[in-house]
Amino acid sequence: MKDQSLTRAKSPLARFVISNAVPILFIVLLIFAIPLSGFSTDYLINEIITRLGRNSFLVISLLIPVMAGMGLNFGIVLGAMAGQIGLIFMLDWGVVGIPGILLAMLIGTPIAILLGLLAGTILNRAKGREMVTSMILGFFINGIYQLTILYGMGSLIPITSNKILLPRGYGVRNALDLISVRKVLDNMWSINISNISIPLGVFSIIIGLCIFVYWFTKTKLGQDMRAVGQDMQVAATAGINVDRTRTLSIIISTVLACFGQIIFLQNIGTINTYNSHDQVGTFAIAALLIGGASVVKATIPNVFIGITLFHLTFIVAPRAGKELLGQAQIGEFFRVFVSYGIIAISLALYAWRRQVEKETERRQAKAAIKAAIEDKAEG
Amino acid sequence: MDEKNYLLRMEGINKDFFGNQVLKDVTLRVAKGEIVGLVGENGAGKSTLMNILFGLPVIHQTGGYQGKIYLEDKEVNFASPFEAIEAGIGMVHQEFILIPGFTATENILLNRESTKYNIFVEVFGERLKTLNRQEMHKRAVSAIEKLEVQLNPDMVVSEMPVGHRQFTEIAREMDRKSTKLLVLDEPTAVLTESEAETMLKAARKLANLGLSIIFISHRLSEVLAISDRLIILRDGQVVRELESSRTTPREVASLMVGREIKEGLSKKSKEFEKSEIVLEIKDLWVDMPGEQVNGVDLQVRKGEILGIGGLAGQGKLGIANGIMGLFPAEGEVVYRDEKLPLNNPVRVLGKGIAFVSEDRRGVGLLLDEPIDLNIVFTAMQIQGRFIKKLMGGLIKWRDDKEIARVAREYVDSLQIKCVSEKQNAKELSGGNQQKICLAKAFVLEPDLLFVSEPTRGIDVGAKSVVLETLKRQNREHGTTIVMTSSELEELRSICDRIAIVSEGKIVGILPPTADPADFGLLMLGEQEEVKASV
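Small disclaimer: the values here were computed from a predicted structure and weren't measured.

A. Region of interest: empty space enclosed by the protein. Inspection of every chain in the model, using the stated rule, returns one cavity of 30 Å³ or more. Here the largest cavity defines a volume of roughly 90 Å³. A:Arg362, B:Trp285, B:Val286, B:Asp287 and B:Gln292 are, among the 13 residues lining the largest cavity, the residues nearest its centre. Put simply, the parts of the chain that give the lining of the largest cavity at least two residues each are helix H16 (329-378) of chain A together with strand S13 (277-286), strand S14 (293-301) and strand S16 (329-335) of chain B.

Here it is in structure tokens:
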């Protein structure tokens, strides 16, 4: 083992910085940007709490596929679409409040399971290229979704409410008002502490989900997923049904994303029928990566750190941009730039780190063989 | 030994792959608590025999086998490895089948974890049972105790020394209550000496507990030390069964390598003792998966044909691939008093060194291109030949006429069977493809030529043409050739000296006229035996 300690001789601090380079970069950025923006602490805390409640569920839905070695699941867009379909039916049937939310979830779940099954089956045929495949699959299903909503609803699929349908009698309107369920979860059990309102209801749902994810890793299925994630061949040799395990991880992720999107939209209060789901995958993944996750490892703390840093940057950047350059658009530009940029950088960093690890391994192997030969010579 | 005492009997096993007989009437019997060593060259049929025992899909897909297998006097025919494992046969492979990020415990109990019931099981099924960590720890500890080795059950595999990984594999087989027979396939190949010793002791202990073991290894001294009985396979047949205590390494090695070559061995080796050294390899390390080279020193003399032999996976292929820059290499290679840049194929080719790869279809050929282009491709790229220059070199144009002419020349001289030189390379047989690869190297007019496994997978007729061509190139053009091959006979028929590689190092260089047993001993890492006898 002595050769290993040699290659890891770098100070613990250096190692910490290297492995958490992304979140540290963002913290440094924020240290400069927050004072520049001139926002009050109360405002920022309020915003962050709202956004944590809004986005956590979606980001957490990414964790299980990472565990199963399928990378970052851009396919959560599929779950988001299922959730929106659930909400459309809920609006049409006029169910309001918490029962409405539950109904939307109930309708969305089977659709999410089917889409997850489809995605899982396809991703099993694209082993090693899951991320790009799930992204393209998202675009493809988006086409089918839009076709269904635009031409199918009101004609083939019974939707009757005039508030939802386009004046021509079929197809769903571009924007739907969710006033009937707006913030019902947030207001379910909300407390105020000195101007800061905390939606305890939503947070307890999120905490419940975190406990579920943690518990899930302790189950046989969770253990199988970790095994499959690290080495599919070894897992298969041990008799684990690799394809089924991977499909299950995608299904769970898609269903969670469906719930996540419903929670997200009830907070926003409107659906952009044709766009709301578009960026769900990208933003959730960017947030997770900024929280210090990688393609192969993502934890619950990564989720919360990531959402906090990512959204603080979002809130602060436009104002800071305006103060600095006199232009608010720079912030909006920054928002897109950051989310795509961070995904690109994280993927490149990951590939680079793998290469370094391989090199290190080779050096270690060489050192070990040399040591063995020397031992032989001495003995 | 009494017939009834045998735990496993494989009787009269025959197996062919598409008409190519790989096992002929092989009988293997293992008694309870006995360790049987299985020895043989690559291709002798050891792995096929074990694949049959385990019911691997590859056996069924190629028409099954003839013969009978009895486990505890009951006839068995396993349809899959899972059935074999179920019946009590455990296998420990040369490559570790472990999850790197899991602890020893998790690996030992992989997919056989102890679990606890919870309410979700009713809705979502068995797989949502939670793991019972305490119980798992207990089981792992008891499996490890059987081996009587030091192994921390909570250590993550990726942080373990190699020896501990091997113990984890064996402990996994031990956790199965039903395991009666353990197949150890080269269990010590990656271990250090002291680790290997512990490993052998553990195997002995298991045998004393009543477990039967089939031990496959290329380290002859180990097989001799540990096994009660030794079975030697050669060309798919059992050539001899020996009591380990009543034999010598030399006897085993000569049985294993066997055959004498009838006709003309190359005998001019003396001529080269004084010729200059064209290539000097010093402490070369190559990271080629499965063919690791661990510090090779070798000198190649001008005008000779140097053979590199050895068993598969010992690193002989890595040498040429490393020097040519196809796999990451470290060390010093001096060519004509000049240091060769490593990891840079273009520079090496530019120095007049050519390479015929063992990976004919992958590295050797552009399968979807015609023969003529294949032949001149490297010459165009590296030497800028077969190129017409227009507008003072601004535009470079392929000289198709000249290319076709040269290609036709080689098609004739190497007897490449094809419709014309415009046929695509992938449409030709293996032997003719190999001839194209040779032509491609010859076009470069190299001073030094590396050839790897030139006759692998080609028919007998083409084999002799290929070897004859190499010989002629050496004689007529004075090309120095370094030929790597798994076939000792082939090396002995054309080489002037033969270096044998074992465990990534050169263990000895012999003239082709040496005793076949000496080659065998070197391949099995018994260089001391050879020195004693020469």
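B. Inspection of the interface of chain A and chain B at higher detail. Counting residues at the interface gives 33 residues for chain A and 33 residues for chain B. In this assembly, chain A packs against chain B so that about 2900 Å² is buried in total across both faces, 60% of it on carbon and sulfur atoms. Ranking the residues of chain A by area buried against chain B places A:Lys220, A:Gln223 and A:Arg362 at the top, with a combined share of 21%. Note that A:Lys220 and B:Glu113 form a salt bridge whose closest N and O atoms lie 2.9 Å from each other. Here chain A is connected to chain B by 12 residue pairs in polar contact (both at pLDDT 80 or more).

C. Up close: unusual backbone geometry. All names here are of chain B. One non-glycine residue with positive phi stands out, namely Arg336, at about 50 degrees. Along the chain, Arg336 turns up in the loop between S16 and strand S17 (338-339). Relative accessible area serves as the criterion here: at 36%, Arg336 is assigned to the partly exposed category. The phi dihedral of Asn343 is positive, around 60 degrees, even though this residue is not glycine.

D. Structural context of the nonpolar core. Ranked by size, the top nonpolar core spans 131 residues in total, and within it B:Leu279, B:Leu284, B:Ile319, B:Phe450 and B:Leu470 carry the most contacts. Leaving out residues up to four positions away in the same chain, B:Leu284 has contacts with B:Val293, B:Asn294, B:Gly295, B:Val296, B:Ile319, B:Ile323, B:Ala329, B:Glu330, B:Gly331, B:Val333 and B:Leu342. Counting 108 residues, the second-largest nonpolar core is a separate cluster that includes A:Ala68, A:Val280, A:Ala293 and A:Ile307.

E. Seen up close, the sheet that holds strand S12 (residues 237-243) of chain B. Residues and elements named next belong to chain B. Read across the open sheet, the six strands follow the order S6-S9-S10-S3-S11-S12; overall the sheet is mixed. Looking at which strands have only one partner, the edges of the open sheet turn out to be strand S6 (89-92) and S12. For this sheet the average axis-to-axis angle between neighbouring strands, irrespective of direction, equals 20 degrees. Direction of pairing for strand S11 (residues 229-234) relative to S12: antiparallel, over a ladder of six bridges. Within S12, the residue paired with Leu230 across the bridge is Leu242. Against the sheet, helix H1 (residues 46-54) engages strand S3 (35-40), S6, strand S9 (181-185), strand S10 (212-216) and S11, with an angle of about 135 degrees to S3. Contacts from helix H10 (residues 249-257) reach S3, S11 and S12 within the one sheet, and its direction differs from that of S11 by about 30 degrees.

F. Structural context of helix H17 (residues 460-477) of chain B. All names here are of chain B. For H17, with 18 residues, the first-to-last C-alpha span of 25 Å sits near the 26 Å given by 1.5 Å per residue. Taken together, the buried residues of H17 touch strand S15 (305-309), helix H16 (430-443), strand S21 (448-452), strand S22 (480-484) and helix H18 (488-494). Where H17 ends, the next residue or the one after it, Gly478, has phi of about 65 degrees, a positive value.

G. The arrangement of the confidence of the model for chain A in detail. Residue and element names in this part refer to chain A. Per-residue confidence for chain A gives a mean pLDDT of 87, with 95% of residues at or over 70. In the model of chain A, helix H1 (residues 2-7) stands out as the element of lowest mean pLDDT, 37, in contrast to helix H7 (residues 97-124), which has the highest, 96. Here residues 1-9 is modelled with pLDDT under 50, and outside its nearest four sequence neighbours on either side it reaches 12 contacts, counting other chains as well.

H. Main features of the sheet that holds S15(B). All names here are of chain B. Across the sheet, six strands lie side by side as S18-S21-S22-S15-S23-S24; this open sheet has mixed pairing. Either end of the sheet is taken by a strand with one partner, and the two such strands are strand S18 (353-356) and strand S24 (505-510). For this sheet the average axis-to-axis angle between neighbouring strands, irrespective of direction, equals 20 degrees. Both S18 and S21 contribute to a ladder of four bridges, which runs parallel. Following the sheet pairing, Val356 is matched in S21 by Val451. Against the sheet, helix H11 (residues 316-323) makes contact with S15, S18, S21, S22, strand S23 (497-502) and S24, and its axis sits at roughly 140 degrees relative to S21, the strand it touches most. Lying over the sheet, H17 contacts S15, S21 and S22, oriented at roughly 155 degrees with respect to S22.

I. Main features of the layout of surface pockets. All names here are of chain A. Counted as a void, the second largest pocket has a volume near 530 Å³. Residue contributions to the lining of the second largest pocket peak at seven residues, all from helix H13 (residues 242-268). Within the lining of the second largest pocket, the residues separate by chemical class into 14 nonpolar, two polar and three charged.

J. Summary view of the pairing of S15(B). All names here are of chain B. The buried count for S15 comes to five of five residues, which makes it a mostly enclosed element. Of the two faces of S15, the one carrying Ile305, Gly307 and Gly309 and the one carrying Leu306 and Ile308 are both buried. For S15 and S22, the ladder comprises four bridges, and the chain directions are parallel. Note on S22: the bridge partner recorded for Ile305 is Ile481. Pairing between S15 and S23: four bridges, direction parallel. Along S23, the bridge assignment pairs Leu306 with Arg497.

K. Examining the pattern of salt bridges more closely. All names here are of chain B. Inspection of every chain in the model, using the stated rule, returns 39 salt bridges over all chains. We note a salt bridge from Glu173 to Arg172, for which the minimum N-O separation is 3.7 Å. By the burial criterion, Glu173 is buried, and Arg172 matches it. The shortest N-O distance in the salt bridge between Lys282 and Glu332 comes to 3.4 Å. Placement of Lys282 in strand S13 and of Glu332 in strand S16 is noted, with a sequence separation of 50 residues between them. Exposure remark for Glu332: the relative accessible area of 27% places this residue in the partly exposed category.

Calculation notes
- Residues numbered from 1 in each chain as written.
- Chains lettered and ligands numbered in written order.
- Predicted model: local features only at pLDDT ≥ 70, side-chain atom pairs only at ≥ 80, totals over all residues.
- Heavy atoms only, no water.
- 1 Å grid on protein atoms, 1.4 Å probe; cavity = no way out; pocket = protein on both sides within 12 Å on 5 of 7 lines; lining within 4 Å.
- Points joined across faces, edges and corners; volume = space filled by probe spheres on them.
- Helix = DSSP H or I, 4+ residues; strand = E, 2+ residues; numbered from the N terminus.
- Contact = heavy atoms within 4.5 Å.
- Buried area = accessible area lost by both parts, 1.4 Å probe.
- Salt bridge = Lys/Arg side-chain N within 4 Å of Asp/Glu carboxyl O.
- Polar contact = N/O pair within 3.5 Å; in protein donor to acceptor, adjacent residues only side chain to side chain.
- Buried < 20%, exposed > 50% of the residue type's maximum accessible area, 1.4 Å probe, protein only.
- Core = buried A, V, L, I, M, F, W, Y, C linked by side-chain atoms within 4.5 Å.
- Pairing = 2+ DSSP bridges.
- Axes fitted to C-alpha atoms, helices over the stretch in contact; angles between N-to-C directions.
- Expected span 1.5 Å × (residues − 1).
- pLDDT = per-residue confidence, 0-100.
- Nonpolar A, V, L, I, M, F, W, Y, C, P; charged D, E, K, R; others polar.

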